[in-house]
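Each chain is listed here by its residues.
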Amino acid sequence: MARKYTSKINKIRTFALSLVFVGFIIMYLGIFFRTNIWIMTIFMLLGMLSIIASTVVYFWIGMLSTRAVQVICPTCEKPTKILGRVDMCMHCKEPLTLDKELEGKEFDENYNRKNIKV
Ligand SMILES: [Zn+2]
């Protein structure tokens, strides 16, 4: 079973971006209901909420980024950020770890959970 991993910060960023799009789509749909001011208002509000939520998520990424450890990826030699015990390089998807115990082990996102049995 091959699962695709991406860097956590990238994942959250994609989520925030999709929220913006969803917000605009909802607002656009609202235009079709302009004969009913209430339905249109509800659509507009939902769209606005979605865009506000994405702003919050972007803010959250900013907070996470300051907590993440910046390292130079050994494979592509670009600076990347590690969040949690294991994460992926943002550029070449190289699994990286800060934990010496996990070095050389197969990449597993479960290492980020607490109470793990290695
Ligand atoms: Zn890399």
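What counts and what doesn't
- Residues numbered from 1 in each chain as written.
- Predicted model: local features only at pLDDT ≥ 70, side-chain atom pairs only at ≥ 80, totals over all residues.
- Helix = DSSP H or I, 4+ residues; strand = E, 2+ residues; numbered from the N terminus.
- Buried ≥ 20, exposed ≤ 12 C-beta atoms within 10 Å, placed from the backbone.
- Contact = placed C-beta atoms within 7 Å.
- UniProt positions renumbered as here; feature names shortened; annotations may be inferred.
- Pairing = 2+ DSSP bridges.
- Axes fitted to C-alpha atoms, helices over the stretch in contact; angles between N-to-C directions.
- Parallel < 35°, antiparallel > 145°, perpendicular 65-115°, else oblique.
- Left-handed = near helix turned anticlockwise from the far one by under 90°.
- Nonpolar A, V, L, I, M, F, W, Y, C, P; charged D, E, K, R; others polar.

S.K.: Help me get a handle on the overall build of the protein chain, residues and values and all.
M.R.: Within the protein chain, the secondary structure is distributed over two helices and four strands. Listed by position from the N terminus, the elements making up the protein chain come as α-α-β-β-β-β. For the protein chain, buried positions account for 11% of its 118 residues. The long-range fraction of contacts in the protein chain, counting pairs at least 24 apart against all pairs at least 6 apart in sequence, stands at 42%.

S.K.: Kindly report on the UniProt feature "transmembrane region" (unreviewed entry) in the protein chain, identifying the contributing residues and their values.
M.R.: With numbering matched to this structure, UniProt assigns "transmembrane region" (unreviewed entry) to residues 12-31 and 37-61. Within residues 37-61, the helical portion is 100% and the strand portion 0%, while the C-alpha atoms at the span's ends are 36 Å from each other.

S.K.: Pulling in residues and values, what's your account of the pairing of strand E2 (residues 79-82)?
M.R.: Where strand E1 (residues 69-72) meets E2, four bridges bridge the pair, whose relative direction is antiparallel. The residue bridging Val 69 from the neighbouring strand is Ile 82, located in E2. Taking the residues that link successive antiparallel strands as the turn, the E1-E2 hairpin has six residues, and the phi of Glu 77 there is positive, at about 60 degrees.

S.K.: Account for the environment of Ala 16, with residues named and values stated.
M.R.: Following the sequence through the fold, Ala 16 ends up in helix H1 (residues 8-31). In this structure Ala 16 comes out as partly exposed when scored by C-beta crowding, with 18 C-beta atoms within 10 Å. Along the chain, Ala 16 and Ser 54 lie 38 residues apart, while their C-alpha atoms are 4.7 Å from each other.

S.K.: Explain the environment of His 91 residue by residue, including any values.
M.R.: Positionally, His 91 belongs in the loop between strand E3 (86-88) and strand E4 (95-97). Between the C-alpha atoms of His 91 and Thr 80, which are eleven residues apart in sequence, the distance is 7.6 Å. His 91 has contacts with Cys 73, Cys 76, Lys 78 and Thr 80, leaving out every residue within four places of it along the chain.

S.K.: Would you mind going over unusual backbone geometry in detail, with residue names and values included?
M.R.: Phi is positive for Glu 77, which is not a glycine, with a value near 60 degrees. A residue is classified by how many C-beta atoms lie within 10 Å of it, and Glu 77, with 9 of them, is exposed. Backbone geometry places Lys 93, a non-glycine residue, at a positive phi of 60 degrees. Its location among the elements puts Lys 93 in the loop between E3 and E4. Among the residues examined, Lys 93 registers 17 C-beta atoms within 10 Å and is labelled partly exposed.

S.K.: Let's hear about the environment of Lys 105: which residues, and what values?
M.R.: For Lys 105, the position within the fold is in the segment after E4. Along the chain, Lys 105 and Pro 95 lie ten residues apart, while their C-alpha atoms are 9.9 Å from each other.

S.K.: Outline the packing of H1 against helix H2 (residues 37-67), listing residues and values.
M.R.: How two helices pack is summed up by the angle between their axes together with the distance between the axes. Contact geometry for H1 and H2: axes closest at 8 Å, N-to-C directions at 165 degrees. Viewed along their axes, H1 and H2 adopt a mutual orientation that is roughly antiparallel. The two elements H1 and H2 meet at a crossing, and its hand is left-handed. Here the residues of the contact of H1 with H2 sort into 21 nonpolar, six polar and one charged.

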